[in-house]
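Per-entry structural report
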Amino acid sequence: MPAPDSAGRTRRAASAGALRSKSPRLRDAKGRFQRCLVATAPCAPDAHRSLFVTSEMSDFIKAGGLGEVAAALPRALRDRHDVRVLIPGYQAVLERAIGAEVVGRIEAHADLPACEIALVHQPDGLPVYILLNAALFARPGSPYVTAEGVEWDDNALRFATLSYAAAQIAAGAAGLDWTPELLHLNDWPCALAAGYLRWSGTPVPSLLTIHNLAYQGLFPHAMAGALGVPDAARDALDFYGRLSFLQAGIVFADQVNTVSISYAQQITGPELGCGLDELLARRAAAGRLSGIVNGIDPSYDPRTDTHLQVPFSVNQWQGKNVNAQHVRRAFHLPQSRGPLFAVVSRLVHQKGLDLVVDVAPQIAAAGGQIVFVGQGERPIEQSVRALCARYPAHVAAMIGFEEATARRVYAGSDFLLMPSRFEPCGLSQMYAQRFGSLPIAHATGGLIDTVDDGVTGFLFAEPSADALRRCVGRAFRTWRQPTLLSAMRRAAMLTPSGWERAGARYAELYTRTTTTRANATRMRAVG
Ligand SMILES: Nc1ncnc2c1ncn2[C@@H]1O[C@H](COP(=O)(O)OP(=O)(O)O[C@H]2O[C@H](CO)[C@@H](O)[C@H](O)[C@H]2O)[C@@H](O)[C@H]1O
């Protein structure tokens, strides 16, 4: 029997085996859930309690860039705000959440099942709430898709449950001894929380961060009742005859932001607005759409990264060369005096890798080599494999993802190919820059904001093979000018891209979103 905690309540381990047990609840004498406000982190005087809601976090599980941001941003904010994380209890989360204890419960709503909430403190003290429902979440593999790459057929229910739980926590209806003053929602899987807040009249503001507008969470309209969406709200969620979770967030969140300034502008136009551009343009006109460029984790540092063959620093190009030799050996490529190009990416249409496949023969003919690290859509994986078979001395790939390999490839490569059709922010180009590998990138979204053409990398205007080919030609010319190459590498490596700046901007946005809502509520009360 575990010892009672300081409040006299008994907490239990949130192992997979404990999922069916009843959770302790905080209720008052009349049996209602109590609402206790306890801020624990040492924060600034204008600190706010914020719940960062995410469907992935690299501490436990990640499918792409969101998982990395979800691990870094709450930590970057902790000295200014009391930030806690909410994530579903996937199998990978349960396996890694050592010492988690059940601390709360969410009641069923419409067809959304009841869940328990566990709390775990990460080694650095970051509190993470885990939403427990074995039937919905305790599955192996990706948060979103089966082993065959097909979306889980109950994703609407799974992520509506996550969204509803976030709103209930904000309403103080989860039996926790902590309630947030702000919900920070990330992408479609939790965007519906902004709606649940509004429909329940919970006066807690929400901020929605769009990491990728192309993923919207579209489901049949007939599911609205099952998800607890009120009749009056169904039009607001309608996206060409389907229910859009992301649209719910854009309509109902107090503030919307995205992960770069350029992408925030681009999504208000038809080309990259994914059908939501007019709505987003209205939010922008009302001053409620902003952009903040992501940061990268400080562990991406060639001086200290223990994954590398040898550490290196600005101007220590011999160290970088040793890493390049190691990458060639690891990928079974012959040693070469030509440049090494890298692709570290999810292999999906967005990333424009068909252009790399088109341009690869010229890179090989000019004496370059290409290394791919990534996985994703089967046809793209197959075309990369075919390229490797055709140019065994010039092209090699790891179809899969391993962070250690990715870091070595950033460190060993001379150029990173990133011809994304669109890119909300992009992290790979910033990792590459930190390791002295110059991005060759399509001038879109966050790539415009983070790559200074001819200074810290190369940009090309059109997402076409010809434009990429010309840009690769510039890279080869730079490669033949050691002084220029060194200067560009140095500039790229010294570009500030830590989380400090982004963290400070989010901290301001938290304060602005919370105080704007508080002022509006006060005005209504006075009026
Ligand atoms: N198969 C794989 N499995 C797991 N991890 C993999 C992976 N392939 C790559 N990664 C990792 O994820 C990173 C990619 O992040 P990006 O930001 O470049 O793209 P992503 O499209 O996933 O993220 C979206 O969200 C981020 C965060 O806001 C935005 O920067 C970006 O523009 C937007 O498309 C890589 O650097 C790598 O560490």
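How each quantity is defined
Residues numbered from 1 in each chain as written. Predicted model: local features only at pLDDT ≥ 70, side-chain atom pairs only at ≥ 80, totals over all residues. Heavy atoms only, no water. Near = heavy atom within 4 Å. Polar contact = N/O pair within 3.5 Å; in protein donor to acceptor, adjacent residues only side chain to side chain. Helix = DSSP H or I, 4+ residues; strand = E, 2+ residues; numbered from the N terminus. Nonpolar A, V, L, I, M, F, W, Y, C, P; charged D, E, K, R; others polar. Pairing = 2+ DSSP bridges. Contact = heavy atoms within 4.5 Å. Axes fitted to C-alpha atoms, helices over the stretch in contact; angles between N-to-C directions. Phe/Tyr/Trp six-rings, centres within 6.5 Å; stacked < 30°, edge-to-face > 60°. Buried < 20%, exposed > 50% of the residue type's maximum accessible area, 1.4 Å probe, protein only. Lys NZ or Arg CZ within 6 Å of the ring centre and 35° of its normal. UniProt positions renumbered as here; feature names shortened; annotations may be inferred. Expected span 1.5 Å × (residues − 1). Salt bridge = Lys/Arg side-chain N within 4 Å of Asp/Glu carboxyl O.

**Section: the site of the ligand**
Taken together, 25 residues are adjacent to the ligand, and G65, E68, H211, R346 and E423 come closest. Here E68 contributes a side-chain N or O atom positioned 2.7 Å from an oxygen atom of the ligand. Here Q350 contributes a side-chain N or O atom positioned 3.2 Å from an oxygen atom of the ligand. Every element with two or more residues in the shell around the ligand is listed here: α1 (65-77) and α15 (428-434). The biggest single contributor to the shell around the ligand is α1, with 4 residues. Across the shell around the ligand, the residue classes tally to 10 nonpolar, 10 polar and 5 charged.

**Examining the sheet that holds strand β9 (residues 218-220)**
Taken in spatial order, the 3 strands make up an open sheet running β9-β11-β10, and their pairing is antiparallel. Both edges of this open sheet fall to β9 and β10 (238-239), since each of them pairs with a single strand only. Strand direction decides the pairing type here: β10 and strand β11 (residues 242-244), joined by 2 bridges, are antiparallel. Residue pairing for β11: D238 is matched across the bridge by L243. Across the sheet, helix α8 (residues 245-252) is in contact with β9, β10 and β11; its angle to β11 comes to roughly 55°.

**Notes on the packing of aromatic side chains**
We describe a pair of aromatic rings using the distance from one ring centre to the other and the angle between the two ring planes. Considering all chains together, one arrives at 18 aromatic pairs under this definition. Relative to F159, the ring of Y144 lies with its centre 6.0 Å away and its plane at 40°, an arrangement referred to as tilted. Placement of the pair is Y144 in the loop between α3 (134-137) and α4 (155-170) and F159 in helix α4, with a sequence separation of 15 residues. For the pair Y144 and F159, a shared accessibility class is recorded, and that class is buried. With a centroid separation of 5.6 Å and an interplanar angle of 80°, the aromatic rings of W199 and F252 are classed as edge-to-face. You can see W199 sitting in helix α5 (residues 188-199) and its partner F252 sitting in helix α8, a full 53 residues away along the chain. Joined through ring pairs, the aromatic side chains of Y144, F159, W188, F219 and F245 make up one cluster. Here R139 stacks its cationic end above the ring of W152, 4.8 Å away from the centre of that ring. In this structure, R407 packs its charged tip against the face of Y300, placed 3.8 Å from the ring centre.

**A closer look at unusual backbone geometry**
Of note, A110 is a non-glycine position whose phi angle comes to about 50°, a positive value. With relative accessibility at 45%, the residue A110 sits in the partly exposed group. Phi angles above zero are rare outside glycine, and C274 is one such case at about 50°. Examined against the element boundaries, C274 turns out to sit in the loop between α9 (261-266) and α10 (277-285).

**Things to note about the side chain of K351**
Structurally, K351 can be placed in the loop between β14 (340-344) and α12 (353-365). Looking at K351, the relative accessible area reads 12%, which means it is buried. In terms of polar contacts, K351 uses its side chain to reach the side chain of E423, at 2.9 Å.

**Comments concerning the UniProt feature "domain: Glycosyl transferase family" (unreviewed entry) in the chain**
In the UniProt entry, the feature "domain: Glycosyl transferase family" (unreviewed entry) is given for residues 332-471. Across residues 332-471, the secondary structure splits into 40% helix and 20% strand, with the terminal C-alpha atoms separated by 27 Å.

**A short note on α1**
For α1, with 13 residues, the first-to-last C-alpha span of 18 Å sits near the 18 Å given by 1.5 Å per residue. Among the 13 residues in α1, 10 count as buried, and that is most of the element. Of all the positions in α1, only L66, G67, E68, V69, A70, A71, A72, L73, P74 and L77 are classed as buried.

**Looking at the UniProt feature "binding site: ADP-alpha-D-glucose" (unreviewed entry) in the chain**
As annotated by UniProt and renumbered to match this structure, "binding site: ADP-alpha-D-glucose" (unreviewed entry) occupies K62. Among the secondary structure elements, K62 is positioned in the loop between β2 (49-53) and α1. K62 has contacts with E56, G67, E68, F401 and E403, leaving out every residue within four places of it along the chain. Separated by 2.6 Å, the side chains of K62 and E68 make a polar contact.

**Some remarks on the sheet that holds strand β17 (residues 415-418)**
Within the open sheet, the 6 strands sit side by side as β16-β15-β14-β17-β18-β19. Their pairing is parallel. The open sheet has two edge strands with one neighbour each: β16 (395-399) and β19 (458-460). With strand direction ignored, the average angle separating the axes of adjacent strands in the sheet is 20°. Relative to strand β18 (residues 438-442), β17 runs parallel, the two being bridged by 4 bridges. Paired with L417 across the two strands is I440, which belongs to β18. Sheet contacts for α12: β14, β15 (369-374) and β17; angle to β15, the most-contacted strand, approximately 155°.

**Points about the pairing of strand β12 (residues 255-258)**
A two-sided burial pattern is seen for β12, the buried positions comprising Q255 and N257 on one face and V256 and T258 on the other. Relative to β12, strand β8 (residues 206-210) is paired through 4 bridges, and the arrangement is parallel. Paired with T209 across the two strands is N257, which belongs to β12. Judged from the 3 bridges that link them, β12 and strand β13 (residues 289-291) form a sheet pairing that is parallel. Across the sheet, T258 pairs through a bridge with G291, a residue of β13.

**Here we look at the pattern of salt bridges**
Counted by the stated rule, this structure contains 18 salt bridges. Close ionic contact of R49 with E181 constitutes a salt bridge, the shortest N to O distance being 3.9 Å. Within this pair, whereas R49 is found in strand β2, its partner E181 is found in the loop between α4 and β7 (182-186), the two being separated by 132 residues in sequence. A salt bridge links R421 to D354; its shortest N-O distance comes to 2.6 Å. One end of the pair, R421, is in the loop between β17 and α15; the other, D354, is in helix α12, and 67 residues separate them in sequence.

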